[in-house]
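Given next are the chains, with one letter for each unit.
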Amino acid sequence: MKGEGSALDRTARHLSIAIDVTGKLLMLMVYTLVSVFGNVGKALAIVLLVLQLAGSGGTFPIQVTPPFFQAIHPLLPFTYAISMMREAVGGILWDIVGKDLLMMGVYVAAGLLIGLALKKHINRVAEPLIQKAKESKLIH
């Protein structure tokens, strides 16, 4: 017999899945950046974090942010994570969740491609950048 908590249980389960998918995607992105670029990748991850906080529409409606953040809004993975979490909390429209999961899958594919297939090539190309960063003492 289903109790009164079944809708709440379903919402909590959907939200947990959305958070889990988001966490794994963002962890993959940060791991890939650090794996490919070393300490410079850590700095790139922080820049990505700041851009996502301001440009994903999670803290303020995207319509009230500066034009720069409105322009990068559809390019940020956290945009789709927030959309998926909103769906989980407010009632799911599966076509929106499907689009969000598809876009997050694109970011997973890009992270895996960069991290697995292109790492050696990118490391060779990025080595001068990493050396300059070390010489600057800005990033150890």
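All values reported here derive from a predicted model rather than from experimental measurement. (Residues numbered from 1 in each chain as written. Predicted model: local features only at pLDDT ≥ 70, side-chain atom pairs only at ≥ 80, totals over all residues. Heavy atoms only, no water.)

Chemist: Looking at this structure, I do not really get the side chain of H73. What am I missing?
Modeler: Summarising the element assignment, H73 is placed in the loop between α3 (67-72) and α4 (77-90). Here the side chain of H73 touches G55 through a polar contact of 2.9 Å, landing on its backbone oxygen. Discounting residues that sit within four places of it in the chain, H73 has contacts with G55, S56, G57, I62 and T79. (Helix = DSSP H or I, 4+ residues; strand = E, 2+ residues; numbered from the N terminus. Polar contact = N/O pair within 3.5 Å; in protein donor to acceptor, adjacent residues only side chain to side chain. Contact = heavy atoms within 4.5 Å.)

Chemist: Explanation requested: the environment of M104 in the structure shown.
Modeler: In this structure, M104 sits in helix α5 (residues 94-117). Taking the C-alpha atoms as reference, M104 lies 7.7 Å from A81; in sequence the two are 23 residues apart. M104 has contacts with V21, T22, L25, Y80, A81 and M84, leaving out every residue within four places of it along the chain.

Chemist: Whenever I open this one, the environment of L112 confuses me. Can you help?
Modeler: Here L112 lies in helix α5. Separated by 81 residues in the primary sequence, L112 and Y31 place their C-alpha atoms 10 Å from one another. Aside from chain neighbours lying at most four places away, what touches L112 is L28 and A117.

Chemist: Which parts of the structure should I look at to understand the packing of helix α1 (residues 6-37) against α4?
Modeler: For any two helices packed against each other, the geometry comes down to the angle between their axes and how far apart the axes lie. Running from N to C, α1 and α4 point in directions that differ by 170°, and their axes come no closer than 8 Å. If you check the angle between α1 and α4, you find them roughly antiparallel. Residues T11, H14, L15, A18, I19, V21, T22, L25, L26 and M29 of α1 form the contact with α4, whose own contacting residues are P77, F78, A81, M84, M85, A88 and V89. Looking at the contact of α1 with α4 residue by residue, the class counts come to 14 nonpolar, three polar and no charged. (Axes fitted to C-alpha atoms, helices over the stretch in contact; angles between N-to-C directions. Parallel < 35°, antiparallel > 145°, perpendicular 65-115°, else oblique. Nonpolar A, V, L, I, M, F, W, Y, C, P; charged D, E, K, R; others polar.)

Chemist: Would you take a moment to explain the pattern of salt bridges for this structure?
Modeler: On inspection of all chains with the given rule, the structure shows one salt bridge. D20 is the salt-bridge partner of K24, the closest N and O atoms lying 3.2 Å from each other. Here the residue K24 and the residue D20 both occupy positions in helix α1, the gap between them amounting to four residues, near one helical turn. By relative accessible area, D20 is classed as partly exposed at 40%. (Salt bridge = Lys/Arg side-chain N within 4 Å of Asp/Glu carboxyl O. Buried < 20%, exposed > 50% of the residue type's maximum accessible area, 1.4 Å probe, protein only.)

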